[in-house]
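Here are the chains, one letter per residue:
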Amino acid sequence: MSLAVHAQLTIEITQGVDNPTAIAVVPFGWRGQAPLPEAVSAIVSADLQRSGQFRPLEQGDMLSFPRTEADVFYRDWRVLGTEFLLIGGIEFRDNRYFLNFELYDIFGQRRVLQQTVDGGVNQLRDLAHFVSDQVYETITGIRGAFSTQIIYVEAFQNAGGKNDKYRLMLADADGARPKLLLESSQPILSPVWSPDGRQVAYVSFETGRPAIFKQELATAKREQLTNFKGLNGAPSWSPDGQKLAMTLSKDGNPEIYTLDIGSRRLSRVTRHFAIDTEPNWTSDGKGIIFTSNRGGKPQIYQVTLASGRIERLTFEGDYNARARVSPDGKSLVMVHRQNGVFHIAAQDTVTGDLRILTETHLDESPSIAPNGAMLMYATRYGGKGILAAVSLDAGVKFRLPSKQGDVREPAWSPFFN
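Student: Looking at this structure, I do not really get the sheet that holds strand β24 (residues 320-325). What am I missing?
Tutor: Backbone-to-backbone hydrogen bonds pair the strands of a sheet. The strands run either parallel or antiparallel. In spatial order, the strands read β24-β25-β26-β27; together these four strands make up an open sheet with antiparallel pairing. With partners counted over all chains shown, the strands left at the sheet margins are β24 and β27 (354-356), one partner each. Sheet twist, expressed as the mean angle between neighbouring strand axes with direction ignored, is 30°. In this structure, strand β25 (residues 331-338) lies alongside strand β26 (residues 341-348), joined through eight bridges in antiparallel fashion. Within β26, the position partnered with Val 333 by the bridge is Ala 346.

Here it is as structure tokens:
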């Protein structure tokens, strides 16, 4: 089973939208004898603030703490400039928490959301993220991704300054509740989620050379999938979860292959003397996007699996790599080099327009949230490898530095239901 690890990522919001929605998240009512183990309303407030779309009202500025609709005086909240009000209460019975919450449109003077959700004794944080998701979707019309998770790699240095310990970690999307999935003295690379969120695949050097493994999250059961000579890298799950695309150099040159997980049937996709690597499936599963230097410099290409037809997708800049397709298929996110500096950029898949999303140096490994609103990537800050996030319109940015080790290779989970 996975082990709890206490070195948690912390959120540092560095940029939000120009006119965030003002919302008041009133502390939820609780009649229990002992304090709740989690500050539920504080988690909701932090979730909404981290999205960059909301500006939560400070608790000390609230004029009242309503628990029911009868306690809501719209005029008081209008005076404070509040656009939405969230209230609620928590009860504990039959060994479960029951959380009732209500969202009010202050200027419309009406309730726009009311729901009750319940969970076990260790699920208060899950309930809080669920509330955040519902509030976010009600106001923005976009499904919330606060209940999702991330996986990432931590690397630790010995006294000599060399990396000698690697950890594959699992955490909530806000960096909370980190758990150890795998620890090794050898590098761990390229972790990816299965489409159902029940498994992860990654590259491990524990056998003395790179090999691709898959691991069940619930049981920690691991299985080695490849053991070819040379490069075994960059796994990517097909949308139906039946295959993995990967880069293999077993025939002398890095090429794209697909592996049927059930039958172990291997199919070669590309055949070129250049380096083809970093495959990622299109959302319909009919094609694979990959990085290739077949044109002289690394650029993004797409191959249609049925016909084998290949087309080049990127032309701006002398380096584009590690491409990921947004869930709606409208954006191609990649590592892009401009004036010698590596940034994360997004390219419109219809117009081809490219926009730079990040301003820091050495940005890499972009991974898009399942709702398409944000992407997470690895960068360096304060001399350490950290994770950072940016919205696809570049209006929202935050960092998730770790208190220990360099953090890299983030992968955002799919929705879990």
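What follows continues from the structure just given.
Student: How should the pairing of β26 be read in this particular structure?
Tutor: Consecutive residues of a regular strand have side chains that alternate between opposite faces of the sheet. Extensive coverage of β26 is indicated by the burial of six of its eight residues. Linking β25 to β26, which pair antiparallel, is a turn of two residues; within it Asn 339 sits at a positive phi near 55°. The sheet contact formed by β26 and β27 spans three bridges and is antiparallel. Note that in β27 the partner of Ala 346 across the bridge is Arg 355.

Student: In this structure, what is going on with the pattern of salt bridges? I would like to understand it.
Tutor: Any two side chains of opposite charge can pair, on the condition that their charged atoms come close. What the rule picks out here adds up to 22 salt bridges. A salt bridge links Arg 125 to Asp 172; its shortest N-O distance comes to 3.7 Å. Within this pair, whereas Arg 125 is found in helix α3 (residues 124-140), its partner Asp 172 is found in strand β10 (residues 163-172), the two being separated by 47 residues in sequence. Relative accessible area serves as the criterion here: at 14%, Arg 125 is assigned to the buried category. With a shortest N-O distance of 2.7 Å, Asp 276 and Arg 294 are connected by a salt bridge. A residue pair is termed long-range when its members are at least 10 positions apart, and Asp 276 in strand β20 (residues 276-281) and Arg 294 in the loop between β21 (287-292) and β22 (299-304) qualify at 18 residues. The network of salt bridges with common partners includes Glu 38, Arg 125, Asp 126, Asp 172, Asp 174 and Arg 177.

Student: Explain the sheet that holds strand β12 (residues 188-193) to me, please; I cannot follow it from the model alone.
Tutor: Read across the sheet, four strands follow the order β12-β13-β14-β15 without closing on themselves; strand pairing throughout is antiparallel. What marks the edges here is a single partner per strand, and that holds for β12 and β15 (222-224). Neighbour to neighbour, the strand axes of the sheet diverge by 25° on average, direction disregarded. Two strands pair when backbone bridges link them, and strand β13 (residues 199-204) and strand β14 (residues 211-216) are joined in this way by six bridges, in the antiparallel orientation. Within β14, the position partnered with Val 200 by the bridge is Gln 215.

Student: Explain the packing of aromatic side chains here, please?
Tutor: Note on aromatic pairs: each is described by the distance of the centres and the angle between the planes. Using the criterion set out here, one finds 10 aromatic pairs in the structure. Ring geometry for Trp 193 against Phe 416: centres 6.0 Å apart, planes inclined by 65°, an arrangement best described as edge-to-face. One end of the pair, Trp 193, is in strand β12; the other, Phe 416, is in the segment after β32 (406-412), and 223 residues separate them in sequence. Residue Trp 193 is classed as buried on the basis of its relative accessible area, which comes to 8%. The partly exposed category is assigned to Phe 416, whose relative accessible area is 36%. Between Tyr 319 and Phe 342, the ring centres sit 5.0 Å apart and the planes meet at 80°, which makes this aromatic pair edge-to-face. With Tyr 319 in the loop between β23 (310-312) and β24 and Phe 342 in strand β26, this pair connects stretches of sequence that are 23 residues apart. On the basis of relative accessibility, which here comes to 22%, the residue Phe 342 falls in the partly exposed class. The structure contains a cluster of three or more aromatic residues connected by ring pairs, namely Trp 30, Phe 92 and Tyr 97. When the ring centre of Phe 98 is taken as origin, the NZ or CZ atom of Arg 93, which lies over that ring, is 3.9 Å away.

Student: Looking at this model, I keep getting lost on unusual backbone geometry. Mind explaining?
Tutor: With the exception of glycine, most residues fall at negative phi, and the peptide bonds are largely trans. Within the chain, Ser 190 stands out as a residue other than glycine whose phi angle is a positive 55°. Overall, the relative accessible area of 15% leaves Ser 190 in the buried class. A positive phi angle, close to 50°, is found at Ala 234, a residue other than glycine. Structurally, Ala 234 can be placed in strand β16 (residues 232-237). In this structure Ala 234 comes out as buried when scored by relative accessible area, which is 17%.

Student: It is not clear to me how the nonpolar core should be interpreted in this structure. Could you clarify?
Tutor: Here is a general trend for soluble globular proteins: nonpolar side chains tend to be buried in one another's company. If you look at the biggest cluster of nonpolar residues, it comprises 42 residues, and the most contacted ones within it are Leu 48, Leu 86, Leu 99 and Leu 387. Looking at this core, the element that brings in the most residues is α3, giving six residues. Not counting chain neighbours up to four residues away, the residues in contact with Leu 48 comprise Ile 23, Val 25, Gln 53, Phe 54, Ser 132, Val 135, Tyr 136 and Phe 146. Core analysis: the second largest hydrophobic core is formed by 16 residues, Tyr 166, Leu 168, Leu 217 and Ala 411 among them.

Student: How do you make sense of helix α1 (residues 40-50) when you look at a structure like this?
Tutor: It helps to recall that an α-helix has 3.6 residues per turn; residues three or four apart then point in one direction. In terms of burial, α1 is largely enclosed, as eight of its 11 residues are buried. Of all the positions in α1, only Val 40, Ser 41, Ile 43, Val 44, Ser 45, Asp 47, Leu 48 and Arg 50 are classed as buried. Just beyond α1, the residue with positive phi is Gly 52, at close to 80°.

Student: Explain α3 to me, please; I cannot follow it from the model alone.
Tutor: In a regular helix each residue adds 1.5 Å, so 17 residues correspond to 24 Å; α3 covers 24 Å between its end C-alpha atoms and thus fits that length. Those residues of α3 lying buried are Leu 124, Arg 125, Leu 127, Ala 128, His 129, Val 131, Ser 132, Asp 133, Val 135 and Tyr 136. In the segment just after α3, Gly 141 is the residue with positive phi, at about 80°.

Calculation notes
- Residues numbered from 1 in each chain as written.
- Predicted model: local features only at pLDDT ≥ 70, side-chain atom pairs only at ≥ 80, totals over all residues.
- Heavy atoms only, no water.
- Pairing = 2+ DSSP bridges.
- Helix = DSSP H or I, 4+ residues; strand = E, 2+ residues; numbered from the N terminus.
- Axes fitted to C-alpha atoms, helices over the stretch in contact; angles between N-to-C directions.
- Buried < 20%, exposed > 50% of the residue type's maximum accessible area, 1.4 Å probe, protein only.
- Salt bridge = Lys/Arg side-chain N within 4 Å of Asp/Glu carboxyl O.
- Phe/Tyr/Trp six-rings, centres within 6.5 Å; stacked < 30°, edge-to-face > 60°.
- Lys NZ or Arg CZ within 6 Å of the ring centre and 35° of its normal.
- Core = buried A, V, L, I, M, F, W, Y, C linked by side-chain atoms within 4.5 Å.
- Contact = heavy atoms within 4.5 Å.
- Expected span 1.5 Å × (residues − 1).

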